[in-house]
Amino acid sequence: MEPITGYAMLEGQRIAYQVIGDGPVDAILAPSWLSTFDMEWEQPMIRDFLQRLASFVRVIRFDRRGSGASDPLPGDVLPVWETFAEDIECVMDEVGSDSAVLYADGDAGPLGILFAATRPNRVSAMILFNTSARFLAADDYPIGFPPEFVDEVSNEMAEDWGLGERLALYVPSRSGDKELERWMGRLMRATTTPSSIRAFMEGVITADVRRILESIDVPVLILHPSESQVPPFEHGRYLADHIKDSTLVELSGPGDVYPAFALADQVVDAIREFVTGTPTAMPASRALATVLFTDIVESTARAGEMGDSRWHRLLDLHDETARRELARHSGELVKSTGDGILATFEGPGRGISFASMFRSDLAGLGLPIRTGIHTGEVELRGDDVGGMAVHLGARIMELAHPGEILVSRTVRDLVIGSPIAFEDRGTHTLKGIEGEWQLFSVATT
């Protein structure tokens, strides 16, 4: 399902757009400023996310004037939201869309709300992801950010623009992923300049659309990650409390700018049900599996000390070693996390054996790792896995010391009677997971 690319003309200026799929319903994705559709399409997880949406809607995307493949903004530029609204309407006219579901996230949220309120005949429904009616705090809006915090973030964003170094702010679920960090830097440079992003941020951060929320007369789906910090979940709840025909869905996971990396399944399923009126036709199949996460200790510092070229060669050796040992231990590589792996095994014994050998092999390369292992029911999502067992494995790995293989009590209980010895690490609370969890360290021999 490849995109069709074209240009819409608005008063002599070209607006680049892209259409994916031919579903019975149009969905126009209003871009945040961090958006260049050609670069995004090259990112496998974003491409997969868009193709899944295009299986039931016609996806319409565009680059705002002043960004990506579109022409620069005119000299007599209108306020940010007005130019944004003109861009949307012009693209809809060009592709023959009389009315569409409008999707807006992040900094595009307030602008999308204004478009829906001022052009109700062009919007059949709206989806708001991880956004806000107002970002700044006020006397009657204590959940907003203090001005000094916003100034600090805006200045840092402009200073670091094009370097990709603030990946943890944009995609916290992939913090430390050097490959994605490099892609993010290229995306920024292809989108706009540091001076332009500073001017845009000043316009968006001061936006306040609270007074018009009651004017929205279409169904609205509000998707907000439970762990989002920019903006926090309270901002999503505020939208739901003030838009009369709205549904708030709390997503389990981090507040990524892009839903494609950690929230794709939840977001696609919620949008499908909202747009088509039917839930996902085929529920994800489930199976019991041992989930294993590894992570190179202090990888960011090591990369800085070694330089990109040497570090990348070492990561290649890391990946080759992982594939070789997984084949020997009948494990399945689910994905690389940049400086670690996510793998599954049919049983915890094989997982622990792999972890011990992988740790030893990497120690010979000067790469200390930490490992977390849990056994539980996982959702099988094509080549990926999801569910609570996966979250547990990741959280356990985060608590492991350098060189340690840390496992849940479930894993320990399933290998009782084997030669594997454990040391009790006590009970712990795991971020985002209810209850206390007893953990054990695999004893070294």
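In this text, all values refer to a predicted model and were calculated from it rather than measured experimentally.

Undergrad: Pulling in residues and values, what's your account of the side chain of Glu40?
TA: Note that Glu40 resides in helix 1 (residues 37-42). Side chain to side chain, Glu40 and Tyr258 meet in a polar contact 3.1 Å long. Leaving out residues up to four positions away in the same chain, Glu40 has contacts with Leu34, Ser35, Ile46, Arg47, Arg61, Trp183, Leu187 and Tyr258.

Undergrad: Go over the pattern of salt bridges with me, naming the residues and quoting the values.
TA: Following the criterion strictly, the structure yields 27 salt bridges and no others. In this structure, the salt-bridge partner of Asp87 is Arg65, at a minimum N-O distance of 2.6 Å. Note that Asp87 is positioned in helix 3 (residues 80-94) and Arg65 in the loop between strand 4 (58-62) and helix 3, a separation of 22 residues in sequence. Two residues, Asp208 and Arg134, come together in a salt bridge whose shortest N-O distance is 2.9 Å. One end of the pair, Asp208, is in the loop between helix 8 (194-205) and strand 7 (220-225); the other, Arg134, is in the loop between strand 6 (123-129) and helix 5 (147-160), and 74 residues separate them in sequence. Salt bridges here are not isolated pairs; linked through shared partners, they connect Arg134, Asp140, Asp208, Arg210 and Arg211.

Undergrad: Could you give an account of the nonpolar core, naming the residues involved and the relevant values?
TA: Among the nonpolar cores identified, the biggest contains 48 residues, and Met184, Leu223, Tyr258 and Ile271 are the most heavily contacted of them. One finds Tyr17, Val19, Ala85 and Ile113 within the second-largest nonpolar core, a separate group that totals 40 residues.

Undergrad: Can you break down the packing of aromatic side chains residue by residue, with the values?
TA: A complete count under the given rule lists seven aromatic pairs for this structure. When the centroid spacing of 6.5 Å and the interplanar angle of 75 degrees are considered together, the rings of Phe422 and Phe440 count as edge-to-face. In this pair, Phe422 sits in strand 15 (residues 422-430) while Phe440 sits in strand 16 (residues 433-442), placing the two residues 18 residues apart along the sequence. Through a chain of ring-to-ring contacts, the aromatic side chains of Trp183, Tyr258 and Phe261 assemble into a single cluster. Above the plane of the ring of Tyr7 lies Arg14, whose end atom (NZ or CZ) is 4.1 Å from the centre.

Undergrad: Tell me about the packing of helix 12 (residues 308-328) against helix 13 (residues 348-364), residues and numbers included.
TA: Between helix 12 and helix 13, the shortest axis-to-axis distance is 10 Å and the interhelical angle comes to 150 degrees. As summarised for this structure, helix 12 and helix 13 are arranged roughly antiparallel, according to the angle between their axes. Between helix 12 and helix 13 lies a crossing whose hand is right-handed. Judged by residue contacts, His318, Thr321, Ala322, Arg324, Glu325, Leu326 and Arg328 of helix 12 engage Phe354, Met357, Phe358, Asp361 and Leu362 from helix 13.

Undergrad: Break down the sheet that holds strand 5 (residues 100-105) for me, citing the residues and quoting the values.
TA: Strand order in this open sheet of eight strands is 1-2-4-3-5-6-7-8, and the pairing throughout is mixed. Strand pairing shows two members of the sheet lacking a second neighbour, strand 1 (4-10) and strand 8 (246-251), which therefore form its edges. Going across the sheet, the axis of each strand differs from the next one's by a mean of 25 degrees, ignoring polarity. Sheet analysis places strand 2 (residues 13-20) next to strand 4, joined by four bridges and oriented antiparallel. Note on strand 4: the bridge partner recorded for Val19 is Ile60. Against the sheet, helix 4 (residues 109-118) engages strand 5 and strand 6, with an angle of about 165 degrees to strand 6.

Undergrad: Report on the packing of helix 11 (residues 299-306) against helix 12, specifying residues and quantitative values.
TA: Running from N to C, helix 11 and helix 12 cross one another at 130 degrees; their axes reach a closest spacing of 6 Å. Taken together, the axes of helix 11 and helix 12 are oblique relative to one another. Viewed along their axes, helix 11 and helix 12 form a crossing whose handedness is right-handed. Residue-level contacts link Ser299, Arg302, Ala303 and Met306 of helix 11 to Asp308, Arg310, Trp311 and Leu314 of helix 12. Classifying every residue of the contact of helix 11 with helix 12 gives four nonpolar, one polar and three charged.

Undergrad: I'd like a description of unusual backbone geometry, backed by residues and values.
TA: The peptide bond linking Val230 to Pro231 adopts the cis configuration, its omega dihedral lying at -5 degrees. The backbone phi angle of Glu298 is positive, close to 50 degrees, even though this residue is not glycine. You can see Glu298 is positioned in the loop between strand 9 (285-296) and helix 11. Judged by relative accessible area, which is 61%, Glu298 ranks as exposed. Phi at Ser330 is positive, roughly 55 degrees, even though this residue is not glycine. By the element assignment, Ser330 lies in the loop between helix 12 and strand 10 (332-336). Residue classification places Ser330 among the partly exposed positions, given a relative accessible area of 46%.

Reading the values: rules and limits
Note on numbering: residues in each chain are counted from 1, in written sequence order. The predicted origin of the model limits local features to residues at a pLDDT of at least 70 and limits the giving and counting of side-chain atom pairs to 80 or more, whereas totals for whole chains, interfaces and linings rest on all residues. The basis for the side-chain values is all heavy atoms of the structure; hydrogens and waters are excluded. A run of H or I in DSSP becomes a helix once it reaches four residues, and a run of E becomes a strand once it reaches two; helices and strands are each numbered from the N terminus. For the purposes of these results, a polar contact is taken to be a pair of N or O atoms within 3.5 Å, where, inside protein, one atom must be able to donate a hydrogen and its partner to accept one; residues adjacent in sequence count only when each atom of the pair is a side-chain atom. Pairs of residues are marked as contacts when any of their non-hydrogen atoms sit within 4.5 Å. By definition, a salt bridge exists where a carboxyl oxygen of Asp or Glu is found within 4 Å of a side-chain nitrogen of Lys or Arg. Throughout, nonpolar core names a set of buried Ala, Val, Leu, Ile, Met, Phe, Trp, Tyr and Cys residues whose side chains join them through atoms within 4.5 Å. Summary of the burial criterion: residues with accessible area below 20% of their type's maximum are buried, those above 50% are exposed, and those between are partly exposed, where the area comes from a 1.4 Å probe applied to protein chains only. Pairing of aromatic rings covers Phe, Tyr and Trp, the last counted by its six-membered ring, and requires centre-to-centre distances within 6.5 Å; plane angles under 30 degrees mean stacked, over 60 mean edge-to-face, and any other angle means tilted. Look at NZ for Lys and CZ for Arg. If either is within 6 Å of the ring centre and within 35 degrees of the ring normal, a charge sits over the ring. A fitted line through C-alpha atoms represents every axis, and for helices the fit uses only the stretch in contact; the resulting angles, taken between N-to-C directions, go from 0 to 180 degrees. For this classification, under 35 degrees means roughly parallel, over 145 means roughly antiparallel, 65 to 115 means roughly perpendicular, and everything else is oblique. Less than a right angle of anticlockwise turn of the near helix away from the far helix marks a crossing as left-handed, whereas a clockwise turn marks it as right-handed. By the convention used here, strands pair only if DSSP detects at least 2 bridges between them. Put simply, Ala, Val, Leu, Ile, Met, Phe, Trp, Tyr, Cys and Pro go in the nonpolar bin, Asp, Glu, Lys and Arg in the charged bin, and everything else, Gly too, in the polar bin.

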